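Take a look at the letters that make up each chain.
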Amino acid sequence: QTDAAINHGSSGGALVNLEGKVIGINSLKVAQYGVEGLGFAIPVNTAKPVIESLVEHGKVLRPYMGVYMNDLEWYEERDELDLPARVKVGVVIMDTAGPAKEAGLKKGDVIVALDGQEVDSTLALRKYLYEHKQIGETLIVTYYRNGEKQEAALILAETDD
């Protein structure tokens, strides 16, 4: 969040500090009655890997698990998942492809951790994946199936699209 002046149309422009160093990429200006000078920027440390990948490969390379998912918190058929009562958050697999399918993950599995790090939402899963893993690395997925905690190892791939 920044209080630097962001003019209409300057999204995507540099947010610089007093030393002239780029510290972010402007992404949003809040323009509503009673709000003045409120803007948001993507931190430069978040933007750098994306920029580097675009320059080097012409696209953003991201590790791919092959899961289509939904937050357990918002999943309407939770009772059908046969989860222990203590499991309140996680990611429900809606479908699998590629690495996840090859590793034996299935529709209805509930992911609760990646490499031992708890994940409570699809956002947390993506954040862990994109910030800590690379294409070709092994990912240990902890999940529940039929009320039992299990683990699967999968090799992260590159997306086809």
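It should be noted that the structure appears before, not after, this text.
Structure report, in brief. Not measured: the values here are computed from a predicted model.

### Side note on the nonpolar core
Here's step 1: Within the largest apolar cluster, 18 residues are counted, with the highest numbers of intra-cluster contacts made by M65, L105, I111, L114, L139, V141 and L154.
Here's step 2: At the level of secondary structure, the elements contributing two or more residues to this core comprise β6 (91–96), β7 (110–114), α3 (122–132), β9 (138–145) and β10 (148–155).
Here's step 3: Not counting chain neighbours up to four residues away, the residues in contact with L139 comprise M65, L114, D115, Y128, L129, K133, A152, A153, L154 and L156.
Here's step 4: Grouped together as the second largest cluster of nonpolar side chains are nine residues, L81, L83, V87 and V92 included.

### Regarding the layout of surface pockets
Here's step 1: Here the largest pocket defines a volume of roughly 550 Å³.
Here's step 2: Every residue lining the largest pocket is counted, 19 residues in all, and those nearest its centre are P49, V50, R62, Y130 and E131.
Here's step 3: The set of elements that each furnish at least two residues to the lining of the largest pocket consists of α1 (44–57) and α3.
Here's step 4: In terms of residue count, α1 provides more of the lining of the largest pocket than any other element does, seven residues in total.
Here's step 5: Here the residues of the lining of the largest pocket are counted per class, giving eight nonpolar, five polar and six charged.

### A look at the environment of A100
Here's step 1: Positionally, A100 belongs in helix α2 (residues 98–102).
Here's step 2: By relative accessible area, A100 is classed as buried at 0%.
Here's step 3: Here the alpha-carbon distance between A100 and A157, two residues 57 residues apart in the chain, equals 10.0 Å.
Here's step 4: Contact partners of A100, with chain neighbours within four places excluded, come to M65, G66, V67, L105 and L154.

### Comments concerning the environment of P99
Here's step 1: Inspection of the secondary structure assignment puts P99 in helix α2.
Here's step 2: In sequence terms P99 and A153 are 54 residues apart; their C-alpha atoms lie 9.2 Å from each other.
Here's step 3: Beyond its immediate sequence surroundings of up to four residues, P99 is in contact with Y64, M65, L154, I155 and A157.

Conventions used here
- Along each chain, the written sequence defines residue order, and numbers are assigned to residues from 1.
- The model is predicted, so local features are restricted to residues of pLDDT at least 70 and side-chain atom pairs to those at 80 or more, both for listing and for counting; the totals for chains, interfaces and linings are taken over all residues.
- To obtain the side-chain values, all non-hydrogen atoms of the structure were used and water was disregarded.
- Definition used in this section: a nonpolar core is a set of buried Ala, Val, Leu, Ile, Met, Phe, Trp, Tyr and Cys residues joined via side-chain atoms within 4.5 Å.
- Under the scheme applied here, a residue whose accessible area is under 20% of the maximum for its type counts as buried, over 50% as exposed, and between as partly exposed, the area being computed with a 1.4 Å probe on protein chains only.
- Secondary structure elements follow DSSP: runs of H or I of four or more residues count as helices, runs of E of two or more count as strands, with numbering from the N terminus.
- For this analysis, residues touch if any pair of their heavy atoms sits within 4.5 Å.
- We place a 1 Å grid over just the protein atoms. Points where a 1.4 Å probe fits but has no way out form a cavity, open points with protein on both sides within 12 Å along at least 5 of 7 lines form a pocket, and any residue with an atom within 4 Å of a point lines it.
- Grid points are joined across faces, edges and corners, and a volume is the space filled by probe spheres set on the points.
- When residue character is reported, Ala, Val, Leu, Ile, Met, Phe, Trp, Tyr, Cys and Pro are called nonpolar, Asp, Glu, Lys and Arg charged, and the others, Gly included, polar.

The analysis is restricted to geometry; functional conclusions fall outside its scope.
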